[in-house]
Amino acid sequence: MKKVFFIICCMLFIQCFSFISKAQDNVIDEIVWVVGDEAILKSDVENARLQMQMSNEKVSGDPYCTIPEQIAIQKLYLHQAQLDSIVANESHVLQEVEQRLNWMINQIGSKEKLEQYYNNKSISEIREELKQTVRDQQITKEVQRKIIGNLKLTPGDIRKFYSRLPQDSLPYIPTSVEVQIVTIEPKISIDEIDRVKNRLREFTDQVNKGEREFSTLARLWSEDKESAKMGGELGFMGKGQLLPEFASVAFSLNTPKKVSKIVETEYGYHIIQLIEKRGDRINVRHILLKPKVSEQELSEASLKLDSISNDIKNNKFTFEDAATYISYDKNTRNNKGLLVNSDQRSLNGGTSRFEMQELPQEIGKVVNNMKVGEISNVFTMINTSNQKEVVAIVKLKSRTEGHKANLSDDYQILKTIVENQKREEILNKWIAKKQKETYIKINDNWKNCDFQRDGWLK
């Protein structure tokens, strides 16, 4: 009887200890804000902080004030999305999640280090949290687009904005240039191509014979530096995210561990190994080797381009003709050699104008001291689209010196500034109205903040 009583006491003690442990675990997380029917947890704030820290995204002020406020604003948008039946495109969500996850692993060095960074969460747990983050971000953007609507500005709106700005408040426009380019890729010898292919065949034999792991060889030898850090792994991608010739071979693989035939792309030569297929997406490893350009081949290409440059200067044909019919640069060939600024964060994004620091480094050095209409000497550079060494000449089409904004030179930039202001005004009015209509409760311990917006504390 005493023995039975002892066992029951032990069981009760264990259950009690288990309950206390669970209670203590629950205290780790807490509700810090409530927006409508949605709770914001302390763990939500911490996850957002870690993601922002990983992306080197700066937070103004106290992150434990700024981040929950940002999440609260997003909750207002998400509530509106429910009312308007706005949902995310799950295919786009999955693609972006894998891209972000691969980027994060690249940044930190390995999956294991990423799991450790996120307080020992597994990769699958991190992936699920990222899915929700990306899904919410996409829905938020869609709601914002709907709120803003079709924003149309007339030239009169831009003139009115400009006329109302005091002279000392006019934005300063840094020096910008327009640049045209002609490039030639040096010919690579058959011997060098054979050397690269033979090396890849050696890797294939080593993997097939079980002598080396594909991932080990990728880490040691692949010239795709980012994927090499992860043993050549690219992460899940659809066909449209891969080069056509690469995708064709990768998606034809059916057996994990089997090594593909050698694939040639604009980046060089690859071998591929299947990891996993999921519907219309695939995860593979690859090893990239690039044939090396010899000094002789580089010299021959330079002489050829120097001859072309002389023909242009002697008016045998124009720089624009050379860019259209001779240049190897596919991104500018159909644009008469004119470089386009693809940085959407820049006020010049989507135009042919570049601030000096926005140009590729090799081009910026050459253009810096050139005069408008001048053609440079031949120089070598790395083509940003395929990372190949090329020889190039550039022509400075125009230069606009740094100045305070004016309507004649900077209409597009002023238009962008006004559009951004109008969008912000519309969204700010909507948020203020939504705050008044929505139940908002902030934990007393999280109220002592200098919030960016009024209306949270009621």
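Provided above is the structure to which this section pertains.
Read on for a plain summary of the structure. Sequence positions are assigned chain by chain, starting from 1 and proceeding in written order. Only residues with pLDDT of at least 70 get local features here, since the model is predicted, and only at 80 or more are side-chain atom pairs given and counted; chain-wide, interface and lining totals rely on the full set of residues. The side-chain numbers reported here are obtained from all heavy atoms of the structure, hydrogens and water having been left aside.

**Topic: the pairing of strand 11 (residues 389-400)**
Then comes step 1: Relative accessibility under 20% of the residue-type maximum defines a buried residue, over 50% an exposed one, and the middle range a partly exposed one, all with a 1.4 Å probe and only protein chains included. A run of H or I in DSSP counts as a helix once it spans at least four residues, and a run of E counts as a strand once it spans at least two, with each numbered from the N terminus. For strand 11, the tally of buried residues reaches nine of twelve residues, placing the bulk of the element in the interior.
Then comes step 2: Where strand 4 (residues 176-184) meets strand 11, nine bridges bridge the pair, whose relative direction is antiparallel. Paired with I184 across the strands is V391, a residue of strand 11.
Then comes step 3: Paired strands are those between which DSSP finds at least two bridges. Direction of pairing for strand 10 (residues 379-382) relative to strand 11: antiparallel, over a ladder of four bridges. What sits directly across from T380, in strand 11, is V391.

**Quick word on the packing of aromatic side chains**
Then comes step 1: Each aromatic pair joins two rings of Phe, Tyr and Trp (for Trp, the six-membered one) with centres within 6.5 Å, and gets the label stacked for planes under 30 degrees apart, edge-to-face for over 60, and tilted for any other angle. Under the criterion given, the structure shown has six aromatic pairs.
Then comes step 2: With a centroid separation of 5.5 Å and an interplanar angle of 85 degrees, the aromatic rings of W33 and F451 are classed as edge-to-face. With W33 in strand 1 (residues 31-35) and F451 in the segment after strand 13 (440-442), this residue pair connects regions lying 418 residues apart in the sequence. Per residue, the accessibility class of W33 equals that of F451, and both read buried.
Then comes step 3: Pairing W33 with W456 gives two aromatic rings, centres 5.2 Å apart and planes at 70 degrees, and the pair type is edge-to-face. One end of the pair, W33, is in strand 1; the other, W456, is in the segment after strand 13, and 423 residues separate them in sequence. Of the two residues examined, W33 and W456, each falls in the buried class.
Then comes step 4: Members of the aromatic cluster, connected to one another through ring pairs, are W33, F451 and W456.
Then comes step 5: Here, over-ring charges are defined by two tests on the NZ atom of lysine or the CZ atom of arginine: distance to the ring centre within 6 Å, and angle to the ring normal within 35 degrees. In this structure, K239 is placed above the aromatic ring of F251, and the distance from its NZ or CZ to the ring centre is 5.4 Å.

**Observations regarding helix 4 (residues 90-108)**
Then comes step 1: Between its first and last C-alpha atoms helix 4 spans 27 Å; for 19 residues at 1.5 Å apiece the expected length is 27 Å, and the two agree.
Then comes step 2: For helix 4, the set of buried residues is V93, V97, E98, L101, N102, M104, I105 and N106.
Then comes step 3: In the core, the buried residues of helix 4 are packed alongside helix 2 (42-54), helix 5 (111-117), helix 6 (123-148), helix 10 (225-228), strand 7 (268-278) and strand 8 (281-289).
Then comes step 4: Positive phi shows up at G109, right after helix 4, with a value of about 115 degrees. Multiplying one less than the number of residues by 1.5 Å gives the expected span of a helix. Two residues form a contact once any of their heavy atoms are found within 4.5 Å.

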